[in-house]
Amino acid sequence: MCYFNGCRVSKDEFIRLMELEKQLKEFQLNRPAQNGFEYRDWPILVPAADHKSFDLVNAHWEFIPGFIHDEQELKEARIMNTWLNAKGETLFVNDKGRLSMFREGAKNGRCLVLSTGFYEYRHIPKLGKKGQPLKATEKVPYRIGIQSDREYFFMAGVSRQWTNITRGQSALTFAVVT
């Protein structure tokens with residue numbers, strides 16, 4: 001799963017390809033790898049109101065479901081759940097045959113997540129003193145990106161507007177589709 005993401009986009013290239021010059025001042029487009037478990041904002045592309053172009057927006061990287069009403073419930077739910085990624089196979093119906101919480105986002109909140117590379121871990125078995133393989137493994141990160149003349153790519157995402165009922169505030173949230 002993609003729990004780390006990086007973004008390095010030159011402003012000139014982005015303006016030329018995406019024609020979003022007016023929005024660039026608001027975004028930090030040179031970012032080191034960001035751990036999704038930091039629960040910070042990330043730039044995504046969402047359909048514009050005219051449905052003919054895209055808007056670049058900062059969104060909270062964590063698809064917060066509607067049954068979470070405030071930050072205290074969210075903090076407690078994070079102990080047992082992670083909503084950074086959504087499996088493509090279970091966007092509409094989950095593994096148990098029930099409607100998926102990502103269904104709303106898959107139908108009405110599709111987005112593109114800007115990236116220059118993400119990291120996956122390879123689990124390499126550790127060897128004991130006598131050379132025998134142990135149950136423990138060593139996690140080795142591998143960066144996955146593009147080897148071409150392009151500086152960035154987009155990953156599929158699903159988004160939804162979440163409202164913190166206690167504060168009366170809302171935020172756009174998203175998950176990367178894997």
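For the structure itself, consult the block above.
These numbers were taken from a predicted model, which means no experiment stands behind them. (Residues numbered from 1 in each chain as written. Predicted model: local features only at pLDDT ≥ 70, side-chain atom pairs only at ≥ 80, totals over all residues. Heavy atoms only, no water.)

Draft legend 1. Looking closely at the overall build of the protein. Of the regular secondary structure elements, the protein holds three helices and ten strands. In the protein, which comprises 178 residues, the share counted as buried stands at 37%. Look at the contacts in the protein between residues 6 or more apart in sequence, and 59% of them connect residues 24 or more apart. With the model as given, the accessible surface of the protein reaches about 11400 Å², and the carbon-plus-sulfur share is 51%. (Helix = DSSP H or I, 4+ residues; strand = E, 2+ residues; numbered from the N terminus. Buried < 20%, exposed > 50% of the residue type's maximum accessible area, 1.4 Å probe, protein only. Contact = heavy atoms within 4.5 Å. Areas by Shrake-Rupley, 256 points an atom, 1.4 Å probe, with all protein chains shown as cover.)

Draft legend 2. Layout of the packing of aromatic side chains. Enumeration according to the criterion identifies six aromatic pairs in this entry. Consider the rings of phenylalanine 37 and tyrosine 39, whose centres lie 6.3 Å apart with planes at 90°: the pair is edge-to-face. Its relative accessible area of 39% is what places phenylalanine 37 among the partly exposed residues. For the ring pair tryptophan 61 and phenylalanine 174, a centre distance of 6.3 Å and an interplane angle of 10° mean the geometry is stacked. Here the residue tryptophan 61 occupies a position in strand β4 (residues 54–61), and phenylalanine 174 occupies one in strand β10 (residues 169–177), the gap between them amounting to 113 residues. In this pair, the class of tryptophan 61 matches that of phenylalanine 174, namely buried. Taken together, the ring pairs connect Trp42, Trp61 and Phe174 into an aromatic cluster. Residue placement shows arginine 78 over the ring face of tyrosine 39; its charged tip is 3.6 Å from the ring centre. (Phe/Tyr/Trp six-rings, centres within 6.5 Å; stacked < 30°, edge-to-face > 60°. Lys NZ or Arg CZ within 6 Å of the ring centre and 35° of its normal.)

Draft legend 3. How the structure looks around the nonpolar core. Counting residues in hydrophobic clusters, the biggest one holds 14 residues, and the most contacted among them are Ile44, Trp61, Cys111, Val113, Met155, Phe174 and Val176. For this core, the secondary-structure elements that each account for two or more residues are β3 (41–47), β4, β6 (110–115), β9 (153–164) and β10. Formed by 13 residues, the second largest nonpolar core is a distinct cluster that contains Trp83, Ala86, Ala106 and Trp162. (Core = buried A, V, L, I, M, F, W, Y, C linked by side-chain atoms within 4.5 Å.)

Draft legend 4. Spotlight on the layout of surface pockets. What the second largest pocket holds in volume is close to 220 Å³. Looking at the second largest pocket, the residues that line it are Tyr39, His60, Ile64, Glu71, Leu74, Arg78, Trp162, Asn164, Arg167, Gln169, Ser170 and Ala171. Elements that contribute at least two residues to the lining of the second largest pocket include exactly α2 (71–77), β9 and β10. The leading source of residues in the lining of the second largest pocket is β10, at three residues. Across the lining of the second largest pocket, the residue classes break down as five nonpolar, four polar and three charged. (1 Å grid on protein atoms, 1.4 Å probe; cavity = no way out; pocket = protein on both sides within 12 Å on 5 of 7 lines; lining within 4 Å. Points joined across faces, edges and corners; volume = space filled by probe spheres on them. Nonpolar A, V, L, I, M, F, W, Y, C, P; charged D, E, K, R; others polar.)

Draft legend 5. Inspection of the pattern of salt bridges at higher detail. Under the definition given, this model contains five salt bridges. Across the pair arginine 78 and glutamate 62 runs a salt bridge whose closest N-O atoms are separated by 2.7 Å. Of this pair, arginine 78 sits in the loop between α2 and β5 (85–86) while glutamate 62 sits in the loop between β4 and α2; the two residues are 16 residues apart in sequence, bridging distant segments of the chain. Overall, arginine 78 belongs to the partly exposed group, its relative accessible area being 26%. (Salt bridge = Lys/Arg side-chain N within 4 Å of Asp/Glu carboxyl O.)

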